[in-house]
Amino acid sequence: MDTEIRKIVLKNAIDYKGKASAKSVVPKILGAFPEAKKNIKEVVEKVNALVSEINSLTLEEQINQLRDLAPELLEKKEKRKKSLKDLPNAVEGKFVARLPPEPGKYLHVGHAIGFYINYLYTQKYKGKLILRFEDTNPQIPKKEYYNAIREDLKAINIHYDQEIIESNNMEQYYSYGEQLIKENLAYACSCSKEEISKKRRNEKECSCRNRSTEENLSIWKAMHADVKEGEFIIRLKGNMKDKDPLLRDPTIFRIIDAEHPLQGRKYRVWPSYDFAVAIEDGLNVTHVLRGAEFLQRTPLQNHIRSLLGIKNPEIIHYSRVNIIGGLTSGREIRKLIQEENTTWDDPRLMTIRALLRRGINPETFKLLAINVGISLAETNLDYKHISGTNKKLIDPIAKRCFFVADPIKLIVEGAPEKEAEIPVHPKNEKLGKRKIKTNGVIWLAKDDLHEGKLRLKDLYTIEIKKEGEEYKAKFLTEVFEKGTEVIQWVPSDFVKMNLIIPEGKKLITVKGYAEPTIQNYPVGEIIQLERVGYGRIDSKEPEVNVIFSHK
Ligand SMILES: [Zn+2]
């Protein structure tokens with residue numbers, strides 16, 4: 001048992017930077033050896049002695065000791081990387097998944113995560129990925145969205161192998177619909193919407209169910225010609241007493257007289273969402289990976305396929321991703337766009353293009369997808385998760401830049417003319433150095449300005465005194481003394497810069513000056529404004545605009 005205790009203490013020390021704590025070790029020991037509870041005093045004494053012995057070792061010595069005793073405990077920590085769970089019946093080379101957007105709005109981060117899950121599995125199984133536009137309600141799709149979706153997928157590095165546009169497959173849906181009518185598995189119903197929902201609630205069939213096949217077929221034909229919208233729909237003969245209300249004779253075709261952005265007025269009888277999806281998934285896809293919000297549609301879609309003699313794909317649900325604190329609903333976004341004359345990449349939004357514009361690295365979407373994975377637990381995702389993941393990716397590469405908000409001019413008496421050489425990145429030496437010329441005139445952020453000793457970062461130390469309303473500065477030394485407060489500054493050839501900060505529904509602009517180096521960076525560059533946060537250069541004309549990413 002002594003060896004076991006030693007393992008636990010060593011592991012605890014290694015997990016916490018070389019310092020084990022008796023408080024966290026004792027419960028672990030009692031968990032592993034319940035009988036030790038009888039001699040708890042003895043155990044505590046032993047642990048205390050062991051903790052001080054092991055804490056006096058270096059981390060390296062601790063790791064070596066644990067490697068001798070229990071190498072498997074070390075491996076665990078290194079192996080933490082998450083990987084994709086295996087899927088049922090997935091065969092390498094034969095796997096087919098799909099991305100099914102409705103071209104009724106721009107994609108948001110929720111789509112990006114779901115699409116990445118599909119894309120990563122396609123890679124894992126060396127399969128095929130289909131981009132499928134679900135556009136069989138002609139009132140929703142708009143031409144601009146088809147292209148925007150293709151562009152956004154490209155921008156976040158998701159590559160698909162084939163594209164299917166459902167509205168191009170109308171004849172196929174018609175022939176399956178006609179098959180059901182001929183087999184007396186579907187019927188034309190002329191009841192009002194109210195009647196239909198009332199009968200569904202009360203589990204009652206309507207008399208339309210008794211129409212003859214011939215009559216149903218002739219109504220079906222007429223629906224494509226002169227029947228008025230709403231006069232007839234085609235319903236599946238389900239089971240009006242089924243526990244699942246979706247199976248109580250669902251609508252599979254209805255007339256919608258609207259111009260379709262791709263098909264124009266060629267069709268007026270449109271399949272329901274479930275009918276088109278059931279067919280497409282069954283015919284073209286081996287694995288449907290979709291959010292848990294679609295769980296309830298599976299029985300109906302499987303039922304439709306069983307009536308049509310189409311095989312079911314494997315259907316796997318991943319956790320529903322709730323996006324907190326950001327606009328994602330198409331209706332709300334459209335309202336904002338109209339009211340404020342803005343666009344779908346407005347940095348307040350959680351659309352893919354808004355997030356990219358805000359400086360989110362495409363890789364972030366992939367990492368978020370791996371984290372969500374295929375568990376059914378609901379995931380609440382807010383901007384903090386996105387920015388936390390993003391920070392790890394961009395911090396090692398984001399070039400540093402000084403920025404002072406609400407700048408105040410200061411003449412530093414006795415300051416030498418100097419060219420400061422400052423690392424572009426504090427750790428990444430490959431990024432080189434930036435040079436900033438100074439002539440004793442500097443600008444500081446209003447909030448940083450106060451009496452006393454201040455270190456202008458990587459330049460020199462000054463002393464500030466207030467005389468009346470005015471601040472006077474005096475050069476002290478170039479030598480940096482530990483403990484001096486360090487602040488940002490910009491020289492007299494500063495560049496005017498606006499920092500645009502999305503905050504909830506507001507967009508706040510902070511005016512200030514940036515160091516001249518910022519002119520060297522192209523639009524799209526992600527930089528770190530030291531002590532302010534990360535941002536992406538959004539435009540440079542007429543002034544430099546940087547959109548704030550996160551701290
Ligand atoms: Zn009816």
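Scroll up for the structure.
Reading the values: rules and limits
- Residues numbered from 1 in each chain as written.
- Predicted model: local features only at pLDDT ≥ 70, side-chain atom pairs only at ≥ 80, totals over all residues.
- Heavy atoms only, no water.
- Donors = N, O, S within 2.8 Å, 3.2 Å for Na, K, Ca; no water.
- Tetrahedral: all angles 85-135°; square planar, octahedral: opposite > 155°, others 65-115°.
- Buried < 20%, exposed > 50% of the residue type's maximum accessible area, 1.4 Å probe, protein only.
- Pairing = 2+ DSSP bridges.
- Helix = DSSP H or I, 4+ residues; strand = E, 2+ residues; numbered from the N terminus.
- Axes fitted to C-alpha atoms, helices over the stretch in contact; angles between N-to-C directions.
- Contact = heavy atoms within 4.5 Å.
- Phe/Tyr/Trp six-rings, centres within 6.5 Å; stacked < 30°, edge-to-face > 60°.
- Lys NZ or Arg CZ within 6 Å of the ring centre and 35° of its normal.
- Core = buried A, V, L, I, M, F, W, Y, C linked by side-chain atoms within 4.5 Å.

Novice: Please set out the coordination of the zinc ion residue by residue, giving values where relevant.
Specialist: Those donors, Cys189 (SG), Cys191 (SG), Cys206 (SG) and Cys208 (SG), are the protein atoms that reach the zinc ion, and they lie 2.2 to 2.4 Å from it. Viewed at the metal, the 4 donor atoms of the zinc ion are separated by angles of 103 to 113 degrees, and the geometry they form is tetrahedral. For the zinc ion, all donor residues lie on one chain, and their spacing in sequence is C-x1-C-x14-C-x1-C. Judged on exposure class, the residue Cys189 and its partner Cys191 are both buried.

Novice: Could you give an account of the pairing of strand S25 (residues 526–529), with specific residues and numbers?
Specialist: Across 3 bridges, the pairing between strand S12 (residues 399–401) and S25 is parallel. The partner of Arg400 across the bridge, within S25, is Gln528. Sheet topology note: the S25/strand S26 (residues 533–539) ladder contains 4 bridges and is antiparallel. Note on S26: the bridge partner recorded for Ile526 is Arg536. Hairpin connection between S25 and S26: a loop of 3 residues separates the two successive antiparallel strands, and Arg531 in this loop has a positive phi of roughly 65 degrees.

Novice: Please provide a residue-by-residue account of the sheet that holds strand S3 (residues 162–165), values included.
Specialist: Judged by pairing direction, the sheet is parallel, and its 3 strands sit side by side in the order S1-S2-S3 without closing on themselves. Of all the strands in the sheet, just strand S1 (96–99) and S3 have a single pairing partner and so form its edges. Looking at each pair of strands side by side, their axes are set apart by 30 degrees on average, direction ignored. Direction of pairing for strand S2 (residues 128–133) relative to S3: parallel, over a ladder of 4 bridges. Residue pairing across strands places Leu131 opposite Glu163, the latter belonging to S3. Against the sheet, helix H7 (residues 143–155) touches S1, S2 and S3, its axis set at about 150 degrees to S2. Its contacts with the sheet put helix H11 (residues 273–284) on S1, S2 and S3, and the angle it makes with S2 is roughly 160 degrees.

Novice: Describe the packing of aromatic side chains, naming the residues involved and giving the relevant values.
Specialist: Under the definition given, this model contains 18 aromatic pairs. Judged by centre distance (4.9 Å) and plane angle (65 degrees), the ring pair of Trp220 and Phe253 falls under edge-to-face. Remark: Phe253 occurs in strand S6 (residues 251–255) and Trp220 occurs in helix H10 (residues 213–223); sequence separation between them is 33 residues. A single burial state applies to Trp220 and to Phe253, both of which are buried. Geometrically, the ring pair formed by Tyr267 and Trp270 is edge-to-face, given 6.0 Å between the ring centres and 75 degrees between the ring planes. When sorted by exposure, Tyr267 lands in the same class as Trp270, which is buried. Taken together, the ring pairs connect Tyr174, Trp220, Phe253, Tyr267, Trp270 and Phe275 into an aromatic cluster. Geometry around Tyr383 places Arg358 over its ring, the cationic atom sitting 3.8 Å from the centre. In this structure, Arg434 packs its charged tip against the face of Phe402, placed 4.8 Å from the ring centre.

Novice: A description of the nonpolar core should follow, citing residues and the corresponding values.
Specialist: Among the nonpolar cores identified, the biggest contains 42 residues, and Val109, Ile113, Ile158, Phe365 and Ile386 are the most heavily contacted of them. A total of 9 residues in this core trace back to one element, the largest contributor, which is helix H6 (residues 109–124). Ignoring any residue separated from it by four or fewer positions in sequence, one finds Val109 in contact with Ile323, Met350, Leu355, Phe365, Leu368, Leu381 and Ile386.

Novice: Summarise unusual backbone geometry; cite the residues concerned and give the values.
Specialist: A cis amide bond, omega -5 degrees, links Glu541 with the succeeding residue Pro542. Along the chain, Pro542 turns up in the loop between S26 and strand S27 (544–550). In this structure, Asn89 takes a positive phi of about 55 degrees despite not being glycine. As for its position among the elements, Asn89 is in the loop between helix H5 (71–78) and S1. On the basis of relative accessible area, Asn89 is assigned to the exposed category, the value being 60%. The phi dihedral of Arg531 is positive, around 65 degrees, even though this residue is not glycine. Inspection of the secondary structure assignment puts Arg531 in the loop between S25 and S26. Assessed through its relative accessible area of 53%, Arg531 is described here as exposed.

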